[in-house]
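As a plain string of letters, each chain reads:
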Amino acid sequence: MEGKSNKNSDTQVAVVGAGLVGSLEACMLAQRGYDVHLYEYREDIRTLEHVPGRSINLAMSVRGRTALRHIGVEDSIIAHHAIPMRARMIHRPDGSTAAIPYNKDGQCIYSVGRRFVNEVLLTKAESFPNVTCHFQHRLTAMDITTRTMTFTNPTTEETNTRTADLIIGCDGAFSAVRKEMLKRANLNYSQNYIPHGYMELCIPADKHGEFAMPPNYLHIWPRGEYMMIALPNQDKSWTVTLFMPFNIFESLTSPQILMNFFQQNYPDAIPLIGEEKLVKDFFANKGLPMISVKCSPYHVGSSCLLLGDAAHAMVPFYGQGMNCGMEDCLVFDELLTKLDYDLSLVLPAYSAKRNPDAEAIVDLAMYNYVEMRDMVNSRWFLLRKKLDNFLNLIFPRSWVPLYTMVTFSREPYHMCIKKKQRQDKVLHCTSLAVLGTAVVGGVVLTWRSGSASDWLHKTFNFVVTAGRSAVPYLDHVTLY
Ligand SMILES: Cc1cc2nc3c(=O)[nH]c(=O)nc-3n(C[C@H](O)[C@H](O)[C@H](O)COP(=O)(O)OP(=O)(O)OC[C@H]3O[C@@H](n4cnc5c(N)ncnc54)[C@H](O)[C@@H]3O)c2cc1C
């Protein structure tokens, strides 16, 4: 590949965590000629029958795909495994449905299996002669000054110590590498648990072994405070994720109460999941927490760096956690070549470039939580979506809806927000100008016809009512 370098073979890089981001990063570093050691807490998932953990499937979009293409595995994941989702399918409480396409050009996002993607990436990493994988290596201590790591085998409790020139923490939202970095000064950190939890349920294939719902959609049941979504799997089943406040999870204490709750909120999902299975799966699981993490900078000197959830965990409502983490690897790779592999320059440059974008998508993910739960039911939201799509049709380059920028482009996340704010300002001013013209025109016309006071009264009422219903929404969209 372009820019491949052998001068890095003397530099040893330890990647801690062989999840989606760590195994991808190992491949990218291997392509650049580094001596890569990939350390993973768990056993090799390719040897396990059942892999415990969160979110069975994920929505992959342009940023993730671009990263996969960079190491030559896009086709084996997208063409041979992924299921395209071309629109949101909204399920209303009365059981009726409506499709909202993601994009006027028919672009789609893809449902991919977490385990499958992780396995492809691990196999790719192992295909490089300069990558060594170490499973059952849990990082339990680290000395950043001497670049020394202590690993513990979770089964035997044996420990061993390793060193590296550069340590990259890809060990997820509860990163042990980040914990060590936090012991030093000058690292800002914040974390935020939301009051909602999630639980994964399953809609099995129907009796003919086919999908029980139209497959090329991300199905959403928005219900104000609660929400349920479903993504298709390769075996024609659906992974259903139920999001709701923990106190609601805790209040569903018996099969009867659970069924009443579903009857009231998701009646059309009951026959799809099956009453017995719903009860069994619900009571066998529990609501899991969701955390949002921000920190800055992402590096210490030229010795330590954080990528993926370790640097910026986000709530899963923009489907961007993995996509953003994979894009981290791309951005880091781009800077390596740009700055001629000088790690003392690359690491600070990476933090400076990536931090505004990572924080922007962490915020957007929180915002989309509101959109998916509530706003897809709101007339203003749907009107704004239509208006966005219409303006995008007329000005395809300058008016791109926020979701399209985030999901179907590599526009830096913070620029997506800036552009959206500009669009909101334009809409705000235009609607005020239209309203003003209508009011002045109306006054002039009715003044002439003699019923001015009656007309003024009606117009005043109209403006106040319209303003009241529009303001909460406009406030919201102006923020983002
Ligand atoms: C319910 C849910 C749905 C989601 N849906 C989407 C989606 O649709 N699209 C999307 O883009 N993102 C989604 N995400 C986010 C996505 O799962 C994460 O952003 C992504 O997994 C981050 O990858 P990572 O490799 O950084 O971290 P992880 O996937 O957490 O991997 C970390 C790895 O490090 C290992 N590890 C941990 N500690 C240690 C240690 N001390 N020593 C050694 N190894 C260690 C772990 O075993 C693991 O293998 C979702 C998340 C959730 C919770």
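Structure shown above.
Treat the numbers as computed from the prediction; the structure is a model and nothing was measured.

Asks: Is there a simple way to explain helix α11 (residues 321–338) in this structure?
Replies: Since there are 3.6 residues in each turn of an α-helix, residues three or four apart along the chain are aligned in direction. With 18 residues, α11 should cover 26 Å at 1.5 Å per step; its first-to-last C-alpha distance of 26 Å lies within 8% of that length. Across the 18 residues that make up α11, a large majority, 14, are buried.

Asks: I would appreciate a short explanation of the pattern of salt bridges in the present structure.
Replies: Per the counting criterion, the structure on display carries 19 salt bridges. The partner of Asp-44 in a salt bridge is Arg-46, with the nearest N and O atoms 2.8 Å apart. Residue classification places Asp-44 among the buried positions, given a relative accessible area of 13%. Residue Arg-46 is classed as partly exposed on the basis of its relative accessible area of 26%. Ionic pairing is found between Arg-69 and Glu-74, a salt bridge with its closest N-O pair at 2.8 Å. We classify Arg-69 as partly exposed; its relative accessible area is 47%. Counted as one network, the salt bridges with shared partners bring together Arg-63, Glu-327, Asp-328, Glu-334, Arg-354 and Arg-410.

Asks: Help me understand the nonpolar core in this model?
Replies: Considering soluble globular proteins, one finds that nonpolar side chains tend to be buried as a cluster. With 75 residues, the main nonpolar core has Leu-29, Val-112, Met-149, Met-326 and Phe-332 as its most contacted residues. Not counting the four nearest positions on each side in its chain, Met-326 is found in contact with Leu-20, Val-21, Leu-24, Met-60, Gly-64, Ala-67, Leu-68, Val-117 and Leu-121. Counting 36 residues, the second-largest nonpolar core is a separate cluster that includes Met-227, Phe-243, Ala-360 and Ile-361.

Asks: What am I meant to see in a nonpolar patch on the surface here?
Replies: Nonpolar side chains collect at one region of the surface, where Leu-387, Phe-390, Leu-393, Ile-394 and Phe-395 lie side by side and expose about 490 Å² of accessible area between them. Take Ile-394: it is sitting in helix α13 (residues 379–394).

Asks: Explain the packing of helix α2 (residues 62–70) against α11 here, please?
Replies: The axes of two packed helices give the description: the angle between them and the distance between them. Viewed as axis vectors pointing N to C, α2 and α11 meet at an angle of 50 degrees, and their least axial separation amounts to 8 Å. When the interaxial angle is binned, α2 and α11 end up oblique. The handedness of the crossing between α2 and α11 is left-handed. Only Asn-323, Met-326, Glu-327, Leu-330 and Asp-333 of α11 make contact with α2, whose side of the interface consists of Arg-63, Gly-64, Thr-66, Ala-67, Leu-68 and His-70. Within the contact of α2 with α11, the residues separate by chemical class into four nonpolar, four polar and three charged.

Asks: Just checking my understanding: could you explain the packing of aromatic side chains for this structure?
Replies: One pass over the full model with this rule turns up 17 aromatic pairs. Their ring planes at 20 degrees and their centres at 4.1 Å tell us that Tyr-39 and Phe-151 sit as a pair that is stacked. One end of the pair, Tyr-39, is in strand β2 (residues 35–39); the other, Phe-151, is in strand β10 (residues 148–152), and 112 residues separate them in sequence. Phe-151 shares its class with Tyr-39; the two are buried. Aromatic pair Tyr-198 and Phe-243: ring centres 6.4 Å apart, planes at 40 degrees, arrangement tilted. Pair noted here: Tyr-198 is in strand β13 (residues 188–203) and Phe-243 is in strand β16 (residues 238–245), with a separation of 45 residues, a long-range link. Neither Tyr-198 nor Phe-243 differs from the other in exposure class; each is buried. Here the aromatic cluster, defined as three or more aromatic residues joined through ring pairs, consists of Tyr-102, Tyr-318, Tyr-403 and Phe-408. One cation-aromatic arrangement involves Arg-63 over Tyr-413; the distance from NZ or CZ to the ring centre is 3.9 Å. The side chain of Arg-88 reaches across the aromatic face of Tyr-403, ending 5.2 Å from its centre.

Asks: How do you make sense of helix α1 (residues 20–31) when you look at a structure like this?
Replies: With 12 residues, α1 should cover 16 Å at 1.5 Å per step; its first-to-last C-alpha distance of 17 Å lies within 8% of that length. With respect to burial, α1 is a largely interior element, 12 of its 12 residues being buried. For α1, the complete set of buried residues consists of Leu-20, Val-21, Gly-22, Ser-23, Leu-24, Glu-25, Ala-26, Cys-27, Met-28, Leu-29, Ala-30 and Gln-31. Directly beyond the C-terminal end of α1, a positive phi value near 90 degrees is found at Gly-33.

Asks: What am I meant to see in the sheet that holds β10 here?
Replies: Backbone-to-backbone hydrogen bonds join strands into a sheet, with any given pair of strands oriented parallel or antiparallel. Pairing within the open sheet is antiparallel, and its three strands lie in the order β9-β10-β11. Edge positions in the sheet fall to β9 (138–143) and β11 (159–163), since each of these pairs with one other strand and no more. Here the strands of the sheet are splayed against their neighbours by 25 degrees on average, with no regard to which way each runs. As judged from the five bridges shared by β10 and β11, these two strands associate in the antiparallel manner. Along β11, the bridge assignment pairs Thr-148 with Thr-163.

Asks: Would you explain the side chain of Gln-423 in this entry?
Replies: Its place among the elements puts Gln-423 in helix α15 (residues 413–449). Contacts of Gln-423, omitting those with residues within four sequence positions, involve Arg-384, Asp-388, Ser-398, Trp-399, Val-400 and Met-405.

Asks: Just checking my understanding: could you explain unusual backbone geometry for this structure?
Replies: Omega for the bond connecting Ser-296 with Pro-297 falls within 30 degrees of zero, at -5 degrees, which places this linkage in the cis form. You can see Pro-297 is positioned in the loop between β17 (288–296) and β18 (299–300). The backbone of Glu-157 shows a phi angle near 70 degrees, a positive value even though the residue is not glycine. In this structure, Glu-157 sits in the loop between β10 and β11. Given the relative accessible area of 56%, Glu-157 is considered exposed. Positioned with a positive phi, Asp-340 is a non-glycine residue whose angle comes to about 50 degrees.

Definitions and cut-offs
- Residues numbered from 1 in each chain as written.
- Predicted model: local features only at pLDDT ≥ 70, side-chain atom pairs only at ≥ 80, totals over all residues.
- Heavy atoms only, no water.
- Helix = DSSP H or I, 4+ residues; strand = E, 2+ residues; numbered from the N terminus.
- Expected span 1.5 Å × (residues − 1).
- Buried < 20%, exposed > 50% of the residue type's maximum accessible area, 1.4 Å probe, protein only.
- Salt bridge = Lys/Arg side-chain N within 4 Å of Asp/Glu carboxyl O.
- Core = buried A, V, L, I, M, F, W, Y, C linked by side-chain atoms within 4.5 Å.
- Contact = heavy atoms within 4.5 Å.
- Patch = residues over 30% accessible without salt bridge, like charges linked within 9 Å, V, L, I, M, F, W, Y side chains within 5 Å.
- Areas by Shrake-Rupley, 256 points an atom, 1.4 Å probe, with all protein chains shown as cover.
- Axes fitted to C-alpha atoms, helices over the stretch in contact; angles between N-to-C directions.
- Parallel < 35°, antiparallel > 145°, perpendicular 65-115°, else oblique.
- Left-handed = near helix turned anticlockwise from the far one by under 90°.
- Nonpolar A, V, L, I, M, F, W, Y, C, P; charged D, E, K, R; others polar.
- Phe/Tyr/Trp six-rings, centres within 6.5 Å; stacked < 30°, edge-to-face > 60°.
- Lys NZ or Arg CZ within 6 Å of the ring centre and 35° of its normal.
- Pairing = 2+ DSSP bridges.

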